[in-house]
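So you can see what is in the structure, the chains are spelled out below.
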Amino acid sequence: MTDIICNILFLSAPLMIASFGALLSEYAGRTAIFIDGIINLSAFLCYAFTVLTKSAVTGCMLSVICCTMFIFLFQKAVEYTHANPFLASLALNIFSAALVSLLSVKLFGTRGVLTSDFFVFQAKTTRIVTSGAAYSIIIISIVLLFATKKGLYLRITGSDSDVLRSRGINVSAGMRAAWSLAAFYASCTGCILTLRLSSFVPDISSGSGWLALAAVFLGKRSCTGTCAAVLVICTGEYFASNLQNIFPNISAPLLISLPYITALTLLFLEPDINKED
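Reference entry: report on the structure contained in this document.

Parameters at a glance
Residues numbered from 1 in each chain as written. Predicted model: local features only at pLDDT ≥ 70, side-chain atom pairs only at ≥ 80, totals over all residues. Heavy atoms only, no water. Phe/Tyr/Trp six-rings, centres within 6.5 Å; stacked < 30°, edge-to-face > 60°. Helix = DSSP H or I, 4+ residues; strand = E, 2+ residues; numbered from the N terminus. Buried < 20%, exposed > 50% of the residue type's maximum accessible area, 1.4 Å probe, protein only. Lys NZ or Arg CZ within 6 Å of the ring centre and 35° of its normal. 1 Å grid on protein atoms, 1.4 Å probe; cavity = no way out; pocket = protein on both sides within 12 Å on 5 of 7 lines; lining within 4 Å. Points joined across faces, edges and corners; volume = space filled by probe spheres on them. Nonpolar A, V, L, I, M, F, W, Y, C, P; charged D, E, K, R; others polar.

**Some points on the packing of aromatic side chains**
So, step 1. Inspection of the entire model under this criterion finds ten aromatic pairs.
So, step 2. The interplanar angle of 85 degrees and the centroid separation of 5.4 Å between the aromatic rings of F20 and Y185 together place this pair among those described as edge-to-face. With a gap of 165 residues between them, F20 in helix α1 (residues 2-27) and Y185 in helix α8 (residues 171-197) connect regions that are remote in the sequence. Grouping residues by exposure puts F20 and Y185 together as buried.
So, step 3. Within the aromatic cluster, the residues linked to one another by ring pairs are F44, Y47, F108, F119, F121 and F200.
So, step 4. The ring of W179 carries the charged tip of R30 above its face, separated from the ring centre by 5.8 Å.
So, step 5. Lying across the ring of F118, K54 places its NZ or CZ 4.6 Å from the centre.

The following block contains the structure:
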């Protein structure tokens, strides 16, 4: 039983940190639709920078910095052009996929799976280190979010922006900060996924960004609720990955889709839950 819990926690780490970023963006009143695209972009950049510098730490740091700055500048452009943030964020997913494909061809001559002798890591150690890093970042972020004045400002940017304006606080800066933080957490997720695979696979997120958004809404935009939703989704994913050992003839596409089916089922049940409350 302990092994199962540990495996679920290891499996949950990438989605947990991406969901926390999505939650921060929701607090600011801006849904971070771009998360899935940033996960894929950061995963590629992590691989590319690691191979070029021969250092996984440097590769991760440069990937996170580039993705966070990219979203910060993107947010500035959205504000300057008065574009619709939702549609712009949605379009960014398409742009990120195209950018990854272009860079992959330019740097490595292929749009397929990327592997290198400089990008090989021990599976068990990588899972432990990446999970520990992810949960440490989340815990520190929660403390800052709920125990500091700036954390309070961020949490009420979307719901009580008039209160902040009356105190002379720049609400737009809070929204930019929220999107930048969402990009930071999403890029951490991308790095974790590619490090665990010891390679880069196109569309490595496999919809993790969308599952992160689903977890936020399932969790009713609260930290504890979002964490609980992530654990439920990843528990479904864990048992799906082990079902084939019990039922060898079960369809592989069905197993892959089980986490998404779990999330979709919970979303359908959510209105009934609210009625009972």
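After that view of the structure, there is still more to cover.
**Re empty space enclosed by the protein**
So, step 1. Across all of its chains, the model carries one cavity of 30 Å³ or more by this definition.
So, step 2. Here the largest cavity is characterised by a volume of approximately 50 Å³.
So, step 3. Lining the largest cavity we find M16, S19, F20, L23, I142, C223, T226 and C227.
So, step 4. Mapped onto the lining of the largest cavity, the elements with two or more residues apiece are α1 and α10 (223-246).
So, step 5. Each residue belonging to the lining of the largest cavity can be placed in one class, and the counts come to six nonpolar, two polar and no charged.

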